[in-house]
Amino acid sequence: MLIIGIYGGTGSGKTTIVKEVISKFKSSDINVISQDSYYKDNSHINFKKRSLINFDHPSSVDFELLYNHLKKLKNGCPINSPTYDYKFHKRKKNKIKFKPKKILILEGILIMVDQQLRSIIDIRIFIEANDTVRKKRRLKRDILERGRTQNQIENRYEKYIQPMHKKFIQPTKKFADIVIENQEDKNVDLSTIINKIKLHVK
């Protein structure tokens, strides 16, 4: 099984690029797992305290479980992935069963921070976008999909997102095999990635 890590800051366009990549393959050949599904379960604390958690810090992610799940898939065993409720900041009760396939895409902002997790990823792809573009995309997504107000998003962006991006995410660009520029005014050419994956699968 080929594991591809697609990472970069919030709003860099990871989800859009992942969708474009998987559209070039049969669904029977490819799985997608999000790092966000592996946020630690915070249901034991109240909503007000959960809302103050820094989800852009590596400590918020259960890297051990994520690594063990990827290892199981790589060894041909199915897994039951957790699911996460972004609105209420806790894990949902339902899980998603993944069976091993030829290709697995792992996407998330912090997937290259953890050395053990990094070691199991075969192709590492960093998505680059400037701060203005990323903030604009984050505002749009969180208002439409996660019920946040503009004030809430901007406060979190300044307090957590941007400082964590500079401290933890941007430095992991050095681990990338491929860097993709995904600025607002540019078309993204994914042919190199698609061909690289097809070559590995063959």
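Residues numbered from 1 in each chain as written. Predicted model: local features only at pLDDT ≥ 70, side-chain atom pairs only at ≥ 80, totals over all residues. Heavy atoms only, no water.

### Considering the pattern of salt bridges
The line we're drawing: A side-chain nitrogen of Lys or Arg and a carboxyl oxygen of Asp or Glu constitute a salt bridge if their distance falls within 4 Å. Buried means the residue's accessible area, taken with a 1.4 Å probe over protein chains only, is under 20% of the maximum for its type, while exposed means over 50%, and partly exposed covers the values in between. Think of it this way: any DSSP run of H or I at least four residues long counts as a helix, any run of E at least two long counts as a strand, and we number them from the N terminus.
In total, this model carries 6 salt bridges according to the counting rule given. Between Glu 20 and Lys 24 there is a salt bridge, and its shortest N-O distance comes to 3.6 Å. Under the relative-accessibility criterion, Glu 20 is labelled partly exposed at 37%. One salt bridge in this structure joins Glu 158 and Lys 135, with 3.2 Å as the shortest N-O distance. Of this pair, Glu 158 sits in helix H6 (residues 150-169) while Lys 135 sits in helix H5 (residues 131-145), and the two are 23 residues apart along the sequence. Judged by its relative accessible area of 24%, Lys 135 falls in the partly exposed class.

### What about the side chain of Ser 37?
To keep things clear, this is the line we draw: Throughout, a residue-residue contact means that at least one pair of heavy atoms, one from each residue, lies within 4.5 Å.
Mapped onto the secondary structure, Ser 37 falls in the loop between strand S2 (30-34) and helix H2 (47-50). When sequence neighbours within four positions are dropped, the list of residues in contact with Ser 37 reads Ser 81, Pro 82, Thr 83, Tyr 84, Tyr 86 and Arg 91.

### So, the environment of Ser 37
Relative accessible area serves as the criterion here: at 15%, Ser 37 is assigned to the buried category. Taking the C-alpha atoms as reference, Ser 37 lies 18 Å from Ile 121; in sequence the two are 84 residues apart.

### Some thoughts on the nonpolar core
Here is the rule: The definition of a nonpolar core used throughout is a set of buried Ala, Val, Leu, Ile, Met, Phe, Trp, Tyr and Cys residues joined through side-chain atoms within 4.5 Å.
Core analysis: the largest hydrophobic core is formed by 30 residues, its most contacted members being Ile 33, Leu 70, Leu 106 and Leu 117. Going through the elements one at a time, strand S1 (2-7), helix H3 (63-74), strand S7 (103-107) and H6 are the ones with two or more residues in this core. It is H3 that provides the largest number of residues to this core, a total of 5 residues. Not counting residues within four places of it along the chain, the set of residues in contact with Leu 70 comprises Met 1, Ile 3, Ile 33, Leu 104, Leu 106, Leu 117 and Ile 120. Core analysis: the next-biggest nonpolar cluster, separate from the first, contains 19 residues, Ile 6, Ile 17, Ile 30 and Ile 194 among them.

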